[in-house]
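# Summary of structural features
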Amino acid sequence: MKLREYYALNRGGGLATEGFSQWIGAVSAQLFHRLGLSPTAMSGLNLLLGLVGSGWVLFAAHTGHYHGWIGLAALVLWHVAYGVDCGDGQLARATKTGSPAGARIDVLCDIALQIALVAAVSAVAAEYTPDAPAWLYALFAGTWMVNLVTSVMQQGDTGGSMVTSTSLPVRLVKLIRDYAFVITVLGAVIWLAPRWTIWVIVGFTAINGLFLLASIAFTARSAQRAWAEKTAAQNS
């Protein structure tokens, strides 16, 4: 298969994911296909690369030996890992070898990687802002998982976007929830301006927290509407 054929099998994503990460996924899917390797092997590589990047940052910050170039290395590894993560689905669809177990291992690897990323970014913030309250990191970690949970939910019957428009202005606004864009921002900050990491954490915590509240309200309204429609149908 040609590269564009692998790319055509992607499941979409935000503007940055579609324009960058899915192409890395297509390249990696094509390579793994030629080598006769499985989508699960791609999930394993994704896990390895992501953990190496985050673990390096975490260890360096914890031991007081953090330098900006380590953040640059992590940024590269995070992007390659995410690209490979995009590619495992393309390979599964190209070879028609997808399975529920494969989908689960993909999600489990994503959970492990995002825990490691949050820990790494928090460690850098703590290194440069030691007086920051502990509860802030707890809120950051908790609200961060909103991204992963809503992403998994959207793959099933319970999915639904609050803003369905695909216009460019809307997609630009949605970049704040595009994982490729998010790791670019986080990686750039811990590379170029690590002292500002704590404020980026504050920003992402506020955004994800507000999104969670908006999602609860939106979903509750949809559930209430569905209940009213079913009740009216039963009584008619």
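Above: the structure in question.
So, a few notes on the structure that sits alongside this text.

Conventions used here
Residues numbered from 1 in each chain as written. Predicted model: local features only at pLDDT ≥ 70, side-chain atom pairs only at ≥ 80, totals over all residues. Heavy atoms only, no water. Helix = DSSP H or I, 4+ residues; strand = E, 2+ residues; numbered from the N terminus. Expected span 1.5 Å × (residues − 1). Buried < 20%, exposed > 50% of the residue type's maximum accessible area, 1.4 Å probe, protein only. Polar contact = N/O pair within 3.5 Å; in protein donor to acceptor, adjacent residues only side chain to side chain. Contact = heavy atoms within 4.5 Å. Core = buried A, V, L, I, M, F, W, Y, C linked by side-chain atoms within 4.5 Å. Patch = residues over 30% accessible without salt bridge, like charges linked within 9 Å, V, L, I, M, F, W, Y side chains within 5 Å. Areas by Shrake-Rupley, 256 points an atom, 1.4 Å probe, with all protein chains shown as cover. Salt bridge = Lys/Arg side-chain N within 4 Å of Asp/Glu carboxyl O.

To continue, consider unusual backbone geometry. Notably, Lys-96 is not glycine yet its phi reads approximately 55 degrees, a positive angle. Structurally, Lys-96 is set in the loop between helix H4 (68–95) and helix H5 (100–128).

Over its 39 residues, helix H9 (residues 197–235) extends 56 Å from the first C-alpha to the last, a length consistent with the 57 Å expected when each residue adds 1.5 Å. Those residues of H9 that sit buried are Thr-197, Ile-198, Val-200, Ile-201, Phe-204, Thr-205, Asn-208, Gly-209, Phe-211 and Ser-215.

Relative to the elements of secondary structure, Thr-17 occurs in helix H2 (residues 15–35). At 3.0 Å, the side chain of Thr-17 forms a polar contact with the side chain of Tyr-82. Beyond its immediate sequence surroundings of up to four residues, Thr-17 is in contact with Gly-12, Gln-22, Tyr-82, Cys-86, Asp-178, Tyr-179 and Ala-180.

A few words on the nonpolar core. Within the largest apolar cluster, 31 residues are counted, with the highest numbers of intra-cluster contacts made by Val-57, Tyr-66 and Leu-186. When contributions to this core are tallied by element, the ones reaching two or more residues are helix H3 (39–62), H4, H5, helix H6 (134–153), helix H8 (179–192) and H9. When residues of this core are assigned to their parent elements, the largest contribution, seven residues, is made by H5. For Val-57, the residues in contact, after removing those within four places along its chain, are Tyr-66, Ile-70, Ala-74, Ala-120, Val-124 and Ile-190. By size, the runner-up hydrophobic cluster in this structure holds nine residues, among which are Tyr-7, Ala-26, Leu-91 and Ala-94.

To continue, consider a nonpolar patch on the surface. A cluster of nonpolar residues, Leu-72, Val-76, Val-80, Trp-191 and Leu-192, forms a patch on the protein surface that exposes about 420 Å² of accessible area. Checked against the element boundaries, Trp-191 lands in helix H8. Taking relative accessible area as the criterion, Trp-191 reaches 33% and is therefore assigned partly exposed.

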